[in-house]
Amino acid sequence: MKIDLTDTTAGEINKALVQGRRAIGTPAVGMVLTLVIVTDEENAYDALKAANDASREHPSRTLVVIKRISRTPRDRTTSRLDAEVRVGAEAGTGETVILRLYGEVSQHADSVVLPLLLPDAPVVVWWPVNAPLDPAKDPLGALAQRRVTDTYTAEEPVRELTARADAYTPGDTDLSWTRITPWRSMLAAALDQVDCRVQAVEVEGEAFNPSCELLAMWLADRLDVPVRRSPSAGPGLTGVRMDTTCGPITLDRADGSLATLSIKGQPARAVALKRRDTAELIAEELRRLDPDDTYASALRYGVDRLNTVPEQEASASASTPASGSGSAPESASASPDGAQSASAGAAKAPAKKATSSRAAKKAPSRKATAK
């Protein structure tokens with residue numbers, strides 16, 4: 001059942017929810033939490049579809065907050081609230097209210113959402129895109145026990161991780177962290193099968209994928225070993241290699257669905273490690289509403305502490321020829337007889353060449369003697 005309300009209020013929306021529940025024959029409220037989705041028109045459909053799929057596991061009241069941009073200065077000074085109430089099959093196993101805020105009321109979204117929250121139920125706020133730098137200080141984020149963001153949608157995902165670490169508040173989480181849950185479980189299970197010490201780790205994945213950085217920071221924080229971050233063509237995470245005292249342990253996933261776990265002394269095994277969709281990620285986050293201390297510890301480890309060996313080698317190789325070419329004129333200008341020494345070196349060059357040719361002629365005799 002769908003009820004459209006134009007230029008309405010929070011009280012009218014609550015009445016429409018009661019009316020919808022009575023119309024479908026379920027007047028009782030059997031929902032366990034309130035999920036607030038802050039998004040735009042472009043991403044509202046995908047976010048709402050993921051929330052509806054997750055509601056089969058977690059029946060909830062879903063409030064979609066869409067801040068509309070007014071086209072004219074006159075429209076910006078006027079406030080309007082439009083709502084679309086969905087109950088029954090169109091809202092999954094819960095209730096859905098799509099709120100469209102126009103004008104000045106868009107700056108006070110928390111005042112609109114507060115009367116619509118379920119009483120005595122936890123609140124989760126999810127930003128699919130354009131999340132604030134400090135979710136806990138956002139007016140809507142202050143209403144929630146759990147705040148979900150996704151650094152994968154940021155323009156500079158890796159730099160966004162540093163900002164998230166600086167502004168972390170217990171209750172913050174990231175879908176980029178949720179994506180690596182199967183990887184963390186598989187690597188922990190692999191280490192439980194051997195009795196050895198990890199010496200070094202290499203994480204391979206897409207260059208600008210924050211999940212790769214989070215997995216590398218988690219391994220570095222937990223194992224206290226140097227972790228090397230290597231780029232690959234993807235998709236997503238493609239492999240983890242751990243050098244141990246018992247031999248290498250490798251987890252490779254080249255196609256994004258099936259991975260191969262290799263442990264020295266054991267046969268290679270194929271394990272299911274597919275890339276999950278957003279509905280599964282949200283459902284996992286809603287299972288646990290207390291602060292994630294493991295995520296906080298990995299996030300605070302810092303991206304800058306990871307071993308970026310490929311970039312350092314590239315910069316060193318690029319600077320070596322430049323430093324060599326710059327030192328020659330410097331030495332020549334420092335000594336007045338630089339030209340004489342250069343000419344003397346040139347005069348000695350043929351002798352060196354002759355010596356090398358004589359050594360080349362003697363090489364077959366030495367080879368024959370060796371035989």
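Read on for an overview of the structure.

## Here's the deal with the packing of aromatic side chains
- Within the structure shown, the criterion is met by two aromatic pairs.
- Where Trp177 meets Tyr295, the ring centres are 5.6 Å apart and the plane angle is 55 degrees; that geometry is what we call tilted. One end of the pair, Trp177, is in helix H6 (residues 175-178); the other, Tyr295, is in helix H10 (residues 293-301), and 118 residues separate them in sequence.
- Look at Tyr295 and you get buried, because its relative accessible area is 1%.
- One aromatic cluster in this structure is built from Tyr168, Trp177 and Tyr295.
- Against the face of Trp218 rests Arg184, its NZ or CZ located 5.7 Å from the ring centre.
- Note that Arg305 overlies the ring of Tyr301, its terminal NZ or CZ placed 4.0 Å from the centroid.

## Topic: the sheet that holds strand S13 (residues 258-263)
- Strand order across the open sheet formed by six strands is S10-S9-S11-S12-S13-S14, with mixed pairing between neighbours. Bordering the open sheet on either side are strand S10 (227-231) and strand S14 (269-272), each of which pairs with just one other strand. Sheet twist, expressed as the mean angle between neighbouring strand axes with direction ignored, is 15 degrees.
- Strand contacts of helix H7 (residues 181-192): strand S9 (198-205), strand S11 (237-244), strand S12 (247-252), S13 and S14, with the helix running at about 25 degrees to S11, the strand carrying the most contacts.
- The strands touched by helix H8 (residues 210-223) are S9, S10 and S11; relative to S9, the strand with the most contacts, the crossing angle is about 175 degrees.

## Some words on the pattern of salt bridges
- As enumerated under the stated definition, the model contains 22 salt bridges in all.
- The shortest N-O distance in the salt bridge between Arg164 and Glu160 comes to 3.2 Å. Here Arg164 and its partner Glu160 are both found in helix H5 (residues 157-166), four residues apart, which amounts to about one turn of the helix. In this structure, Arg164 and Glu160 share a single accessibility class: buried.
- Within the structure, one salt-bridge network assembled from shared partners comprises Lys2, Glu41, Arg68, Glu84, Arg86 and Arg100.

## Let's talk about the sheet that holds strand S6 (residues 123-126)
- Reading across from one edge, S1-S4-S5-S3-S2-S6-S7-S8 is the order of the eight strands in this open sheet, with mixed pairing throughout. One side of each edge strand has no neighbouring strand; the edge strands of this open sheet are strand S1 (2-5) and strand S8 (172-174). Neighbouring strand axes in the sheet, compared pairwise and without regard to direction, differ in orientation by 15 degrees on average.
- In this fold helix H9 (residues 278-287) packs onto strand S2 (33-39), S6, strand S7 (146-149) and S8, with an angle of close to 145 degrees to the strand it touches most, S6.

## Focus: H8
- Taking 1.5 Å as the rise per residue, H8 with 14 residues should run 20 Å; its terminal C-alpha atoms sit 20 Å apart, in good agreement.
- Burial of H8 is extensive: eleven of the 14 residues sit out of reach of the surface.
- Listed as buried for H8 are Pro210, Ser211, Cys212, Glu213, Leu214, Leu215, Ala216, Met217, Trp218, Leu219 and Ala220.
- Backbone nitrogen of Ser211 and a side-chain oxygen of the N-cap are separated by 3.0 Å at the start of H8; the cap is Asn209.
- A positive phi of about 55 degrees marks Asp224, the residue just after H8.

Cut-offs applied
Residues numbered from 1 in each chain as written. Predicted model: local features only at pLDDT ≥ 70, side-chain atom pairs only at ≥ 80, totals over all residues. Heavy atoms only, no water. Phe/Tyr/Trp six-rings, centres within 6.5 Å; stacked < 30°, edge-to-face > 60°. Helix = DSSP H or I, 4+ residues; strand = E, 2+ residues; numbered from the N terminus. Buried < 20%, exposed > 50% of the residue type's maximum accessible area, 1.4 Å probe, protein only. Lys NZ or Arg CZ within 6 Å of the ring centre and 35° of its normal. Pairing = 2+ DSSP bridges. Axes fitted to C-alpha atoms, helices over the stretch in contact; angles between N-to-C directions. Contact = heavy atoms within 4.5 Å. Salt bridge = Lys/Arg side-chain N within 4 Å of Asp/Glu carboxyl O. Expected span 1.5 Å × (residues − 1). Polar contact = N/O pair within 3.5 Å; in protein donor to acceptor, adjacent residues only side chain to side chain.

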